[in-house]
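What follows is the residue order along each chain.
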Amino acid sequence: MFAGTGSDVGKSIVAAAFCRIFKQDGYQPAPFKAQNMALNSYATPEGLEIGRAQAVQAEAASIPCHTDMNPLLLKPQSDHTSQVVLNGKPIGNKNAYDYWRRGSSDIDFRKEVCDAFDRLESRYNPIVMEGAGSISEINLRDTDLVNLPMARHAKADVILVGDIDRGGVFASVYGSIALQSPEDRKRIKGIIINKFRGDMRLFDEGKRMLEEICGVPVLGIIPYYKDIYIDEEDSVALEQKRRQLAEGKVNVAVVLLRHISNYTDFDTLERDPRVNLFYTNNTSDIQHADIIILPGTKATLDDLMELRRNGCAQAIQRAHREGKMVIGICGGYQMLGQTVDDPDGIEGSITSLPGLGILPIHTTMTTEKTTRQVTFRFDGQTCQGYEIHQGVSDTNEAILQTDHCIGTYIHGFLDNAPVINHLLGHKGETHQSLDLVAFKEEQYDKLATHVRQHVDMDRIYQILTNDD
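Rules of the game
- Residues numbered from 1 in each chain as written.
- Predicted model: local features only at pLDDT ≥ 70, side-chain atom pairs only at ≥ 80, totals over all residues.
- Heavy atoms only, no water.
- Helix = DSSP H or I, 4+ residues; strand = E, 2+ residues; numbered from the N terminus.
- Rg over C-alpha atoms; globule rule 2.2 N^0.38 Å.
- Buried < 20%, exposed > 50% of the residue type's maximum accessible area, 1.4 Å probe, protein only.
- Contact = heavy atoms within 4.5 Å.
- Areas by Shrake-Rupley, 256 points an atom, 1.4 Å probe, with all protein chains shown as cover.
- Lys, Arg positive; Asp, Glu negative; His and termini not counted.
- Charge placed at Lys NZ, Arg CZ, Asp CG, Glu CD.
- 1 Å grid on protein atoms, 1.4 Å probe; cavity = no way out; pocket = protein on both sides within 12 Å on 5 of 7 lines; lining within 4 Å.
- Points joined across faces, edges and corners; volume = space filled by probe spheres on them.
- Nonpolar A, V, L, I, M, F, W, Y, C, P; charged D, E, K, R; others polar.
- Phe/Tyr/Trp six-rings, centres within 6.5 Å; stacked < 30°, edge-to-face > 60°.
- Lys NZ or Arg CZ within 6 Å of the ring centre and 35° of its normal.
- Pairing = 2+ DSSP bridges.
- Axes fitted to C-alpha atoms, helices over the stretch in contact; angles between N-to-C directions.

Description of the overall build of the chain
Here's step 1: If you tally the helices and strands in the chain, you get 16 helices and 24 strands.
Here's step 2: Taken over C-alpha atoms, the radius of gyration comes to 23 Å for the chain, in line with the 23 Å a tight globule of 468 residues would show.
Here's step 3: Each principal axis of the C-alpha distribution contributes one length, and for the chain these read about 65 × 50 × 40 Å.
Here's step 4: For the chain, buried positions account for 57% of its 468 residues.
Here's step 5: Looking at the chain alone, contacts between residues at least 24 apart form 73% of all its contacts between residues at least 6 apart.
Here's step 6: Surface accessibility of the chain: about 20,200 Å² in total, with carbon and sulfur atoms responsible for 47%.
Here's step 7: The centroid of the 49 positive side-chain charges in the chain is displaced by 2 Å from the centroid of its 65 negative side-chain charges.

See below:
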């Protein structure tokens, strides 16, 4: 298990790296995270839903993703409630207090996640487990399903990942270990320091001191990287993508929603050399962009109301009237329609709102959730993507195109070269887009090489094969 001193320390990426390393070394690894809290999700081949991070890790391990890799997914809908997805299917919304209170549910979530692990372990070896957030939230110890209690069930050794880039790494690593029970402390067999910048020789003394105060070996110090592209799990990454308009590029503005989901939809487009893609809720940026994208959201009505309040809705409508291309994906597609209705309160207290009126569709929220992988045709070529959405629109079109506007429920729509060249072709010569599968394979290999160079793999394998 790769556990963390906190959120966004790099556990998901480190786990993905080891999935690829073990695969390269002849093993059959699989990822596992008992409980994930994220708005980035993915559809399995069976048409079920898991966290995007575990889908990425499965890809790194060269195996199909499966709900057993992430049996419990929490998708925040507000500061206090989340949709609970169990074994790939939504089972309702939970208030945070009720969810974390023991005995508040008829479902034994601990048994569910342990059963999923046991099924996975019978098919793969080793299981690369990922913890969640910080392992030292001692107030949640009794209800924790994903960190040390899960490691105990799996009889897993734990490697603690700390982020030196954010500062305070000595306190966070030492405190994370010191706050464990004696039994759990014994499970922590190593420390990885992540996101190091500068000359690593300057940390030689720090490494020695950390090992001395923690009584646990430092197994590696992984440098910060900028030239390896792995799908991000956390929306924290979006804060670094608030770039400005650029001359000589196609400026693509992704409207920054409060409940934005599946923003990895735009990674391929962002890497296109013709494109300057940025996230914004600035009305001036939206009006001056060449292409405006309304992304997916976990709370369509709430975000639609916010777009009207902050002026972004009017800016999008004005840009469209002026001939700018507008694209809506999933919840963004619903918002571009005439109305969005929620008569049963699926999303909350807002029962109906007018949409932006750009596309001729009406959407009604329903309890049934659509989750599936899809193949579609665009400009005469076969493309792939996946759907994860609540709500039904009164059109059977997977992709609805009108004058300089495209709406679709398909995530991964913009990962396809025919789509990108269609959007950007009028801005210059069409570009031979990269083979996305080959590109991802290259990135996983680069990540594995980067991590191998900076961790003690011999000691990692000693930990894996030691029965103590």
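Considerations on the layout of surface pockets
Here's step 1: Of the voids in this model, the second largest pocket is the one considered here, and its volume is about 800 Å³.
Here's step 2: In this structure, the second largest pocket is lined by 29 residues; those nearest its centre are Tyr42, Gln384, Leu436, Val437 and Lys440.
Here's step 3: Where the lining of the second largest pocket is concerned, the elements lending two or more residues are α2 (52-60), β21 (362-378), β22 (381-393), α14 (417-424) and α15 (436-454).
Here's step 4: The element contributing the most residues to the lining of the second largest pocket is β22, with 6 residues.
Here's step 5: Its residues assigned to classes, the lining of the second largest pocket comprises 15 nonpolar, 8 polar and 6 charged.

Quick notes on the packing of aromatic side chains
The geometry of an aromatic ring pair comes down to the distance between the two centres and the angle between the two planes.
Here's step 1: Scanning the model with the defined rule gives 13 aromatic pairs in all.
Here's step 2: With centroids separated by 5.4 Å and ring planes inclined at 75°, the aromatic side chains of Phe32 and Phe117 adopt a geometry described as edge-to-face. With Phe32 in strand β2 (residues 30-32) and Phe117 in helix α4 (residues 109-121), the pair connects residues that are 85 residues apart, well separated along the chain.
Here's step 3: Relative accessible area serves as the criterion here: at 1%, Phe32 is assigned to the buried category.
Here's step 4: Grouping aromatic residues by their ring pairs yields a cluster made of Phe2, Phe18, Phe22, Tyr27 and Tyr461.
Here's step 5: Lying over the aromatic face of Tyr224, Arg197 brings its terminal NZ or CZ to 3.7 Å of the ring centre.

Looking at the sheet that holds strand β1 (residues 2-4)
Here's step 1: In space, the 4 strands of this open sheet follow the order β1-β10-β11-β12, with parallel pairing throughout. Strand pairing shows two members of the sheet lacking a second neighbour, β1 and β12 (218-223), which therefore form its edges. Taken over all neighbouring pairs, the strand axes of this sheet differ in orientation by 25° on average, direction set aside.
Here's step 2: Alignment of β1 against strand β10 (residues 158-163), held across 3 bridges, turns out to be parallel. Paired with Ala3 across the bridge in β10 is Leu160.
Here's step 3: The sheet contacts of helix α1 (residues 11-24) involve β1, β10, β11 (188-196) and β12, and relative to β1 the element is tilted by about 170°.

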